[in-house]
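# Coordinate inspection notes
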Amino acid sequence: MNQITALDKTVQTNKTKISARNVNVHYGDSHAIKDVNVEIEDNTVTAFIGPSGCGKSTFLRCLNRMNDTIDICRVTGDIQIDGENIYDPRVDPVQLRAKVGMVFQKPNPFPKSIYDNVAYGPRIHGLAANKAELDEIVEKSLRRGAIWEEVKDRLDAPGTGLSGGQQQRLCIARAVATEPEVLLMDEPCSALDPIATAQIEELIDELRNSYSVVIVTHSMQQAARVSQKTAFFHLGNLVEFGATGQIFTNPEDPRTESYITGRIG
Amino acid sequence: MPSFWLVIVLIALALAGFVLGRKRALATAGGDMKQLHSLPAYYGHHVAFSALVPALAVLAIWSLVQPSLIENRVSDMVPASFVEEGHTIDLILTDVRRLADGLDAAVAQGALSEAQAADLDAGTTDIRALLGDLGVALGADVQPEILAAAQSYRGLSDTASTAKAAVVILLALLGFGFAYQRTHKDFRARNVVERGVMALLIVAASLAILTTVGIVFSMLFESLNFFGLHSWRDFFFGGTWAPNFRGDSDLSILPLLWGTLYISLIALLVAVPIGLFAAIYLSEYASAPVRSFAKPLLEILAGIPTIVYGLFALLTVGPMLVTIFGKGDDGVLGVEWMSGATSVLTAGLVMGIMLIPFVSSLSDDIINAVPQAMRDGSLGLGATRSETVRQVVLPAALPGIVGAVLLAASRAIGETMIVVMGAGAIAKFSANPLESMTTITTRIVSQLTGDTDFASPETLVAFALGLTLFVLTLGLNVLALYIVRTYREQYD
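Rules of the game
- Residues numbered from 1 in each chain as written.
- Chains lettered and ligands numbered in written order.
- Predicted model: local features only at pLDDT ≥ 70, side-chain atom pairs only at ≥ 80, totals over all residues.
- Heavy atoms only, no water.
- Bend = angle between axes of the 7 residues up to and from the residue.
- Helix = DSSP H or I, 4+ residues; strand = E, 2+ residues; numbered from the N terminus.
- Buried < 20%, exposed > 50% of the residue type's maximum accessible area, 1.4 Å probe, protein only.
- Contact = heavy atoms within 4.5 Å.
- Salt bridge = Lys/Arg side-chain N within 4 Å of Asp/Glu carboxyl O.
- Buried area = accessible area lost by both parts, 1.4 Å probe.
- Polar contact = N/O pair within 3.5 Å; in protein donor to acceptor, adjacent residues only side chain to side chain.
- Phe/Tyr/Trp six-rings, centres within 6.5 Å; stacked < 30°, edge-to-face > 60°.
- Lys NZ or Arg CZ within 6 Å of the ring centre and 35° of its normal.
- Domains from an automatic or database assignment.
- Axes fitted to C-alpha atoms, helices over the stretch in contact; angles between N-to-C directions.
- Parallel < 35°, antiparallel > 145°, perpendicular 65-115°, else oblique.
- Left-handed = near helix turned anticlockwise from the far one by under 90°.
- Nonpolar A, V, L, I, M, F, W, Y, C, P; charged D, E, K, R; others polar.
- Pairing = 2+ DSSP bridges.
- Core = buried A, V, L, I, M, F, W, Y, C linked by side-chain atoms within 4.5 Å.

## Some words on helix α12 (residues 306-325) of chain B
All names here are of chain B. At Ala313, α12 shows its largest kink, close to 40 degrees. Where α12 is concerned, the buried positions are Tyr309, Gly310, Ala313, Val317, Gly318, Leu321 and Val322. Packing partners of the buried residues in α12 comprise α11 (288-303), α13 (344-369) and α16 (417-422). At the C-terminal side of α12, Lys327 shows a positive phi close to 65 degrees.

## A word on the pattern of salt bridges
Once their charged atoms are close, side chains differing in charge can pair, the charge on each being opposite to the other. Residues and elements named next belong to chain A. Within the structure shown, the criterion is met by 25 salt bridges over all chains. For the salt bridge of Arg65 with Asp68, the shortest nitrogen-to-oxygen distance reads 2.9 Å. Here Arg65 falls in the buried class, since its relative accessible area comes to 12%. With a relative accessible area of 32%, Asp68 lands in the partly exposed category. Across the pair Asp88 and Arg90 runs a salt bridge, and its minimum N-O distance is 3.2 Å. For Arg90, a relative accessible area of 74% puts it in the exposed group.

## Considering the interface of chain B and chain A
With 21 residues of chain B in contact, the opposing surface of chain A contributes 23 residues. The contact between chain B and chain A buries some 1800 Å² in all, and 61% of this surface belongs to carbon and sulfur atoms. At the boundary of chain B and chain A, one finds 0 salt bridges. The interface formed by chain B and chain A holds 4 residue pairs in polar contact (both at pLDDT 80 or more) in total. When contributions to the side of chain B that touches chain A are tallied by element, the ones reaching two or more residues are α14 (372-380), α15 (385-414) and α18 (457-491) of chain B. Top element by residues in the side of chain B that touches chain A is α14 of chain B. It accounts for 7 residues.

## Some remarks on the packing of aromatic side chains
Residues and elements named next belong to chain B. On inspection of all chains with the given rule, the structure shows 16 aromatic pairs over all chains. Each ring, one from Trp232 and one from Phe237, has its centre 6.3 Å from the other, and the planes form 70 degrees; the classification is edge-to-face. Note on Trp258 and Tyr262: the rings are 5.3 Å apart at their centroids and 40 degrees apart in plane angle, and the pair reads as tilted. Within this pair, Trp258 and its partner Tyr262 are both found in helix α10 (residues 254-285), separated by 4 residues, close to a single helical turn. Through a chain of ring-to-ring contacts, the aromatic side chains of Phe226, Phe227, Phe235 and Phe236 assemble into a single cluster. Over the ring of Tyr180 we find Arg24; its NZ or CZ atom is 4.9 Å from the centre of that ring. When the ring centre of Tyr285 is taken as reference, the NZ or CZ atom of Arg385 above it lies at 5.9 Å.

## Section: unusual backbone geometry
Residues and elements named next belong to chain A. For Asp82, which is not a glycine, the phi torsion comes out positive at approximately 50 degrees. Counting through the fold element by element, Asp82 comes out in the loop between β4 (73-81) and β5 (84-85). On the basis of relative accessibility, which here comes to 38%, the residue Asp82 falls in the partly exposed class. Even without being glycine, Glu187 reaches a positive phi, approximately 45 degrees. Here Glu187 is to be found in the loop between β7 (182-186) and α7 (194-207).

## Comments concerning the domain arrangement of chain B
Segmenting chain B into domains produces domain 1 (3-187) and domain 2 (236-491). Look at where the C-alpha atoms of domain 1 of chain B and domain 2 of chain B centre, and you get two points 48 Å apart.

## What about the packing of helix α1 (residues 3-28) of chain B against helix α2 (residues 40-75) of chain B?
Residue and element names in this part refer to chain B. Two elements in contact, α1 and α2, have axes whose closest approach is 6 Å; the angle formed by their N-to-C orientations is 160 degrees. One finds that α1 runs roughly antiparallel with respect to α2. Considering the relative orientation of α1 and α2, their crossing is right-handed. In this structure, α1 uses Ser3, Leu6, Val7, Leu10, Ile11, Ala14, Gly17, Phe18, Gly21, Arg22, Ala25 and Leu26 to contact α2, whose residues at the interface are Pro40, Ala41, Tyr43, Gly44, His45, Val47, Ala48, Leu52, Ala55, Leu56, Leu59 and Ser63. Its residues assigned to classes, the contact of α1 with α2 comprises 17 nonpolar, 6 polar and 1 charged.

## Overview of the sheet that holds strand β9 (residues 229-234) of chain A
All names here are of chain A. As summarised here, the arrangement of the 6 strands in space is β6-β7-β8-β3-β9-β10, forming an open sheet in which the pairing is mixed. Whereas interior strands pair on both sides, the edge strands pair on one side only; in this sheet they are β6 (100-103) and β10 (237-243). The mean angle between the axes of side-by-side strands here comes to 15 degrees, regardless of whether they run parallel or antiparallel.

## A short note on the nonpolar core
Ranked by size, the top nonpolar core spans 75 residues in total, and within it Met351, Leu355, Ile440 and Leu465 of chain B carry the most contacts. Among residues more than four places away in sequence, those in contact with Ile440 of chain B are Ile253, Leu256, Leu257, Thr260, Leu465 and Leu469 of chain B. In this structure, Val38, Leu63, Met102 and Phe104 of chain A belong to the second largest nonpolar core, which totals 33 residues.

## A closer look at the pairing of strand β3 (residues 45-49) of chain A
All names here are of chain A. Taken across its 5 residues, β3 has 5 buried, putting it largely inside the fold. Here β3 shows no split at all, with Val45, Ala47 and Ile49 on one side and Thr46 and Phe48 on the other all buried. Looking at chain direction, β3 and strand β8 (residues 212-216) are connected through 4 bridges and run parallel. Pairing of Thr46 across the sheet is with Val214, part of β8. In this structure, β3 lies alongside β9, joined through 4 bridges in parallel fashion.

See below:
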């Protein structure tokens, strides 16, 4: 990927994929997310930036209801994906998570072979009728994860034996294998070296063609490099949301400017 | 000087050493703590330990070795004719020791003077009556030879004790002097104390290991005695267990091993699924309040003494099973399959209950050790909780769980009280779980309780059984470790 500066980015308007309205999250007594409204577009990389503890990861985890797995966490408000409220009681969070894939901060391949790691989701959701189809899905996903060439000769080797960057790309391949529509990434590069980071960033840019990608990052350079839209969170509030070029060059809110120039955070 | 006072003296020396060593160190630094290499207390500890540790070690070893050395000397004095009259030399030496202790007691209580005690004549004085008045009961009238041996025993003990006291105190003083003389502000007392601490820890670790080795050897020697008296073929490959205290018994381990393994198998069939599922519920599903309430409750089970489980087997589970499988037309099933409360099933069920907390608390720890990232990864792909448990958490935790199961198995094989009370006493091969059977541990108990003669194969077989049991459980534990190690690398 070329070093595109934030300014050069052209923003074409895509249709809205996720629309969040008045989202509030409480962890026990603490109010982690306060009245967040955001529209996330399809075929776009949206970056969430902000200082540690600002709630960006929490908000990300609302989008696939991963917060449901935390007992004390309470989410209110309205989040719609393709016009359907994902917190509607009729929505099965398990099905939702197949549609909204997630990649975590630390690469977390299962203690299984590379093949089984990628085949995990398709098997659970019955996406392949037979072995040949499954093989095809695995290969396609590994290619999408830009790791096929490196692992094609050792699909039976344990996924945990790969390097950190390879593991993270394996996790991305694993996430795309269930054919999600949205891909959530929670600081996917924070545990990786610069070379692996560059590979992942390149991959994210390609993934944009097929998915709506939401990425949480601590690195503002990364946000500037990979995203078209950026949301700045501060103390649980969504302070500013807009085109990445706009946010990084001409922020409207003084807090955004302070953060970007390094005065807070 | 008795060892008690010796120890007091040593401790006093050590305390003095602490104070003096500390003082001297400070004095060499001109009272300025910053000039010292180590904190003043380290110099004190250095002197105290130098005085105390070698002296205590010598005291301990000496006290252990002295009696057997003296008995060796004394046993030469006992005429061979005594040994042949059906007494073993050990019994005679016990008499000698008792007599010697009795005389010491008589002197201590003032019934005899030191000189009188030394000049006693078995022919003229009724020593048995004399000592009996003082509360020392002797088994038989005292023969002159025994008296002579006892006098010699007393003399030797006396000399040895004096020598012991002298050597120990001298050693303590030497250690004290050496350490005190080395104390100087540049002396690295802290490093020396550090090495001392390490040595202490090494000693503790080796003691634990040496004890195990000691146990194995004592079992091994008695087992060898047994195999000298009884054919090893019958023991390992015979088919019947019929001890007969008139001699000529069939002592085969196989029926007992069968009973042991059968009961353990049933116990594991109960304990592993229930324990594992309980662990999965507690670690994966239960909310924090439920968990904090249920886990200790489950662990209470582990604190119940096994004899109580035995009672439970005998009084509750056994009769309940009889109501179901026995009693003919009065029973639940209307069958007559079970006659008594003791059976393989009774013991197996109760032992299984006993093992539940063992399996569940080990598995719970292991399941909790699986990184949360694994669960998140699986849940994030749209797996349900049970799919996550089955396909990600359990495979990752499997080596540990297998280890836990094998540990439980070795507990089951070695368990005694429940089978003594619940399994019965009939050694046989049978696949019917409603019959009573017996196990290795039960037979060890029954061979060694009551009046026993440690020279007959019927008694000594207990050691061979014990050794086999030990080898069996050791094998299981080694296997458990091997499995855990082999598969762990894959998941790290």
